[in-house]
Amino acid sequence: MHFVISREALLKPLQMVSGVVERRQTLPVLSNVLMVLDGSELSLTGTDLEVELIGRVPVDQAHEAGAVTVPARKLLDICKSLADDANVEFSLSDNKLTLKSGRSRYTLTTLPASEFPSVDEEPDTFSLSISQAKLHELLESTSFAMAQQDVRYYLNGMLFEVAPDFLRVVATDGHRLAMETLNMDNPINDVQQLILPRKGILELSRLLGDEQGEITLTFGQNHIRAKVPAVTFTSKLVDGKFPDYNRVLPKGGNKVLIGECQELRQAFSRAAILSNEKYRGVRVMLSNGELKILANNPEQEEAEEVVSVEYEGDSLEIGFNVSYLIDVLSTLSSKKARITLSDPNSSALIEAEEGSDALYVVMPMRL
């Protein structure tokens, strides 16, 4: 294996692929990145057995094809530290990979490419194409509500619900729920539900960035594959049943208030400073034209914030985890938020007043 490539061309796919590689691995080969030179195209692959990313990049000079795995973190650190306009020459001999750039020279240990695990190819069940920007927006507006390390493993991920006429994504950690629906024509006859793991969602979101163009999502029995021109992303699906989110959506809320997103978020953030650090509870008191936020903590410190809102009706007092409210208000892209409440024991439904189909549900807290 012998080729020359510019540092700039190599760095982007290498950074992306290294993001998947776990630092602490039981299998040494999993902390490596697989490099395969085929013709003048170099492909870089990283995996943690759950998520796999393959980045492809053309090389400047291809002398000899080959495949090998090298430590991902070390290779990335070396490339980062080289000069911006540097060219790097890679050559493999005696199971050592040598990098030369200008007057610098590095030798890395390698492991055989044959030891690198590959995701099993499986028959695809269906594919759909979606704009990268739209998919990125769907993931960004809902992914914060995924659980982290919950024993209910199916909550540590996101539900993709694909129907003939829409794509819906839903995330919940049992205390709050985020959901957004995109109307689109899909090549299927009945509704399919698939759960992507948390890490897969975060990597896919990172991969999309602000890229233009379409992305093709291919769903198999156990995997999802996403393809953009220079990158292939594959993730295992979570084997489990997602809770019925329709049962969580509050029905019949009769108290609807509309407030400025930024003003509400700032008021909740200020009140949160003096909330109980462990439980993060705040008391919300709604009356005609205003919303009062009260917080206190075991040190007997208190905060009170009053925000003007559009509301007429009965007064209501209800408790919430303030972090959950701030997360939602930080995610809403509209100027105003519509919050629907019914009583102190029912969840709040929060949505943008215009411009977005995202729905957010936050459960109340007993204070």
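Scoring rules and cut-offs
- The residue numbers shown here count from 1 along each chain, following its written sequence.
- Totals for whole chains, interfaces and linings use every residue, but because this is a predicted model, local features are given only for residues with pLDDT of at least 70 and side-chain atom pairs only at 80 or more, for both listing and counting.
- Hydrogens and waters are ignored; side-chain quantities use all the structure's heavy atoms.
- Paired strands, as defined in this entry, are two strands with at least two bridges between them according to DSSP.
- Comment: elements are numbered from the N terminus, with helices defined as DSSP H or I runs of at least four residues and strands as E runs of at least two.
- What counts as an axis is a line fitted to C-alpha atoms, over the stretch in contact for a helix, and the angles between N-to-C directions run from 0 to 180 degrees.
- In this description, contact between two residues means that some pair of their heavy atoms is separated by no more than 4.5 Å.
- Working definition: rings of Phe, Tyr and Trp (its six-membered ring) pair if their centres are within 6.5 Å, and the pair is stacked with planes under 30 degrees apart, edge-to-face with planes over 60 apart, and tilted otherwise.
- Relative accessibility decides the category of a residue: with a 1.4 Å probe and only protein chains considered, values under 20% of the type maximum give buried, values over 50% give exposed, and everything between is partly exposed.

A. Quick look at the sheet that holds strand β19 (residues 281-287). Strand order in this open sheet of 4 strands is β21-β20-β19-β22, and the pairing throughout is antiparallel. Every interior strand has two partners, whereas the edge strands, β21 (302-308) and β22 (316-321), have only one. Neighbour-to-neighbour, the strand axes of the sheet open up by a mean angle of 20°, direction not taken into account. Direction of pairing for strand β20 (residues 290-296) relative to β21: antiparallel, over a ladder of 7 bridges. Paired with Glu-290 across the bridge in β21 is Ser-308. Where helix α5 (residues 261-272) meets the sheet, it contacts β19, β20 and β21, and its direction lies at approximately 170° from that of β21.

B. The sheet that holds strand β15 (residues 214-220), seen in detail. In space, the 8 strands of this open sheet follow the order β6-β2-β3-β4-β17-β16-β15-β10, with antiparallel pairing throughout. Every other strand in the sheet has two partners, leaving β6 (66-71) and β10 (124-131) as the edge strands with one partner each. In this sheet, neighbouring strand axes are inclined to one another by 15° on average, regardless of whether the strands run parallel or antiparallel. As judged from the 5 bridges shared by strand β4 (residues 51-58) and strand β17 (residues 231-236), these two strands associate in the antiparallel manner. Bridged to Glu-52 within β17 is Thr-234.

C. Quick peek at the packing of aromatic side chains. Within this structure, the stated rule accounts for 5 aromatic pairs. A ring pair is formed by Phe-126 and Phe-219, whose centres lie 4.9 Å apart and whose planes are at 25°; its orientation type is stacked. One end of the pair, Phe-126, is in strand β10; the other, Phe-219, is in strand β15, and 93 residues separate them in sequence. In this structure Phe-219 comes out as buried when scored by relative accessible area, which is 0%.

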